[in-house]
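Topology and contacts: notes
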Amino acid sequence: MKIIKANDYQSMSRMAANIISAQIIMKPDCVLGLATGSSPIGTYDQLVEWYKKGDLDFSQVSSINLDEYVGLSADNDQSYRYFMNTHLFDRVNIDKTRTFVPNGLELDNEKACKAYNEIIKEHGPIDLQLLGLGCNGHIGFNEPGEAFEKETHCVDLTQSTIEANARFFASMDEVPKQAYTMGIKTIMQAKKIVVVVNGKAKAQAVKDCFFGPVTPKVPGSVLQLHNDVTVVGDAEALSLVEGLY
Ligand code: GLP
């Protein structure tokens, strides 16, 4: 595992975007595993800037996203499909028919998860998986206690995740309580993993995930078992692991 310290959010985003752009240049028809949340927004902005300059071409790239809220449609501005369209897909020349996000409107959990697993099998393996970390160490929506060997499944979000997400919704009642998420087994099958993490609120999660015991209680700790993980963190997120890497 490599840990790279960036001074601030902007420099973290540029470094992560550099790694992703190298992947696209080296393999133009690569499969990117993509994440939502505030952590990767700067990374996507940087990729868009380089695309506009003519430095990057997404025309052959495919993408598979980590997760989606159950019950939200693509045009709901809090859905992860909407997030991906507005932050990346609508701003570059990616073929949208090759961008995949779990179907939040499929309320039959089993059907939704099976369909997504099939998409991953057909288009995968993922060449590069971008990840953020939840404050409780979750990856995608794999909350503490999830078995490491799961593929796509439906999760009941923990109270802390619901509270963390509440800032994006008009009221607590509107915050979805369930999500479909790619499982840890699938995330671990990605050839390369890049984690972006910033801010003080993530410092404990960074310590627990990368310097604590590998345990389902801390989902991100499983990444210690992957052979190609790069963590790009800002100074605040890395503040509790100073001197340990
Ligand atoms: C959500 C997403 C995760 C993301 C996490 C952290 O729970 N499902 O994929 O890593 O939020 O979000 P943020 O980057 O906004 O802190």
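1. A short note on the nonpolar core
Of all hydrophobic cores here, the largest spans 31 residues; its most connected members are Leu133, Val195 and Leu223. It is helix 7 (residues 203-211) that contributes the most residues to this core, four residues altogether. With residues near it in sequence (within four places) discarded, Leu133 still touches His138, Ile139, Val195, Val196, Val197, Lys202, Ala205, Val206, Cys209 and Phe210. Counting 27 residues, the second-largest nonpolar core is a separate cluster that includes Tyr44, Phe58, Leu130 and Val196.

2. What about the packing of aromatic side chains?
A full pass over the atoms with the stated rule returns five aromatic pairs. A ring pair is formed by Tyr69 and Phe169, whose centres lie 6.1 Å apart and whose planes are at 80°; its orientation type is edge-to-face. With a gap of 100 residues between them, Tyr69 in strand 4 (residues 67-69) and Phe169 in the loop between helix 5 (159-165) and strand 8 (178-181) connect regions that are remote in the sequence. Side by side, Tyr69 and Phe169 carry an identical accessibility label, which is buried. Taken together, the ring pairs connect Tyr69, Tyr80, Phe141 and Phe169 into an aromatic cluster.

3. A word on the layout of surface pockets
The volume enclosed by the largest pocket comes to roughly 780 Å³. Together, 37 residues line the largest pocket, and Thr36, Gly37, Ser38, Asn165 and Arg167 are the ones closest to its centre. Each residue belonging to the lining of the largest pocket can be placed in one class, and the counts come to 15 nonpolar, 18 polar and four charged. Of the voids in this model, the second largest pocket is the one considered here, and its volume is about 150 Å³. In terms of lining, the second largest pocket is formed by Asn117, Ile120, Lys121, Gly124, Pro125, Ile126, Glu151, Thr186, Gln189 and Ala190. The leading source of residues in the lining of the second largest pocket is helix 4 (residues 109-123), at three residues. Its residues placed into classes, the lining of the second largest pocket shows four nonpolar, four polar and two charged.

4. Concerning the side chain of Gln23
Within the secondary structure, Gln23 is located in helix 1 (residues 9-26). Setting aside anything within four residues of it in sequence, one finds Gln23 in contact with Cys30, Leu32, Asp127, Leu128 and Lys192.

5. Things to note about the pattern of salt bridges
Enumeration over the complete set of coordinates arrives at 12 salt bridges. When the shortest N-O distance is used, the salt bridge between Glu146 and Lys150 registers 3.0 Å. For Glu146, a relative accessible area of 11% puts it in the buried group. Here the salt bridges share partners, and the residues they tie into one network are Lys27, Asp127 and Lys191.

6. Here's the deal with the sheet that holds strand 9 (residues 192-197)
If you trace the seven strands from one edge of the open sheet to the other, you get 1-10-9-6-2-3-5, paired in parallel fashion. Each of the sheet's edge strands pairs with one partner strand only, and the pair in question is strand 1 (2-6) and strand 5 (99-100). Sheet topology places strand 3 (residues 62-65) next to strand 5; two bridges connect them, and they run parallel. Bridge pairing links Ser63 to Thr99 in strand 5. Against the sheet, helix 4 engages strand 2 (31-34), strand 3 and strand 5, with an angle of about 150° to strand 3.

7. Side note on the environment of Thr181
Looking at the secondary structure, you find Thr181 in strand 8. Thr181 gets classed as buried once you look at its relative accessible area, which sits at 0%. C-alpha separation for the pair Thr181 and Asn85, spaced 96 residues apart in sequence, amounts to 18 Å. Setting aside anything within four residues of it in sequence, one finds Thr181 in contact with Leu66, Asp67, Gly140, Phe141, Asn142, Glu151, Thr152, His153 and Val155. In terms of polar contacts, Thr181 uses its side chain to reach the backbone amide nitrogen of Phe141, at 3.0 Å.

Here is what the cut-offs are and how they apply
Residues numbered from 1 in each chain as written. Predicted model: local features only at pLDDT ≥ 70, side-chain atom pairs only at ≥ 80, totals over all residues. Heavy atoms only, no water. Core = buried A, V, L, I, M, F, W, Y, C linked by side-chain atoms within 4.5 Å. Buried < 20%, exposed > 50% of the residue type's maximum accessible area, 1.4 Å probe, protein only. Helix = DSSP H or I, 4+ residues; strand = E, 2+ residues; numbered from the N terminus. Contact = heavy atoms within 4.5 Å. Phe/Tyr/Trp six-rings, centres within 6.5 Å; stacked < 30°, edge-to-face > 60°. 1 Å grid on protein atoms, 1.4 Å probe; cavity = no way out; pocket = protein on both sides within 12 Å on 5 of 7 lines; lining within 4 Å. Points joined across faces, edges and corners; volume = space filled by probe spheres on them. Nonpolar A, V, L, I, M, F, W, Y, C, P; charged D, E, K, R; others polar. Salt bridge = Lys/Arg side-chain N within 4 Å of Asp/Glu carboxyl O. Pairing = 2+ DSSP bridges. Axes fitted to C-alpha atoms, helices over the stretch in contact; angles between N-to-C directions. Polar contact = N/O pair within 3.5 Å; in protein donor to acceptor, adjacent residues only side chain to side chain.

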